[in-house]
Amino acid sequence: MEATKQALALAVQQPLSIIIVGVGSAEFTSMKVLDRLVVTLPNAPIQRDIVQFVEINQFAGKGPHVLGAAVLAQIPDQLLEYMAMKHIKPNPKK
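Below: a short report on this structure. (Residues numbered from 1 in each chain as written. Predicted model: local features only at pLDDT ≥ 70, side-chain atom pairs only at ≥ 80, totals over all residues. Heavy atoms only, no water.)

Some thoughts on the overall build of the protein
Secondary structure assignment for the protein yields 4 helices and 4 strands. Secondary structure of the protein in N-to-C order comes out as α-β-α-β-β-β-α-α. Along the first, second and third principal axes, the C-alpha atoms of the protein reach 40 × 40 × 15 Å. Counting all 94 residues of the protein, 27% fall into the buried class. When contacts within the protein are restricted to residue pairs at least 6 apart in sequence, those whose partners lie at least 24 apart make up 66%. As displayed, the protein has an accessible area near 6600 Å², and 60% of this comes from carbon and sulfur atoms. Measuring between centres, the 9 positive side-chain charges of the protein sit 11 Å from its 7 negative side-chain charges. (Helix = DSSP H or I, 4+ residues; strand = E, 2+ residues; numbered from the N terminus. Buried < 20%, exposed > 50% of the residue type's maximum accessible area, 1.4 Å probe, protein only. Contact = heavy atoms within 4.5 Å. Areas by Shrake-Rupley, 256 points an atom, 1.4 Å probe, with all protein chains shown as cover. Lys, Arg positive; Asp, Glu negative; His and termini not counted. Charge placed at Lys NZ, Arg CZ, Asp CG, Glu CD.)

Written out as structure tokens, the structure is:
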């Protein structure tokens, strides 16, 4: 688990979102820990959450669109966090 956390600390500097889908009846405690992990960059006050974990069993019978929405829910905020970290501003409206 520590090696995974260290890899996430390096990955947080990239335009990256990690989506983990738990399938089956396994114990997903470690995945839930990663989902709650907010990584702080060394020597910087920037924090980013780049991991999204969803248990597929929680969406049984609700339709694929509900699962898709849950899986992708954090992507927009993660993109904005990355852009703020890198001081990237959107292009002006045309």
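Once you've had a look at it, read on.
Some details on helix α4 (residues 75-85)
Of the residues making up α4, those classed as buried are Gln78, Tyr82, Met83 and Met85. All buried residues of α4 lie within an arc of 160° about the axis, which places them on one face of the element. Summarising the contacts, the buried residues of α4 are in contact with β3 (47-48) and β4 (51-55). Directly beyond the C-terminal end of α4, a positive phi value near 55° is found at His87. (Arc of directions from axis to C-beta.)

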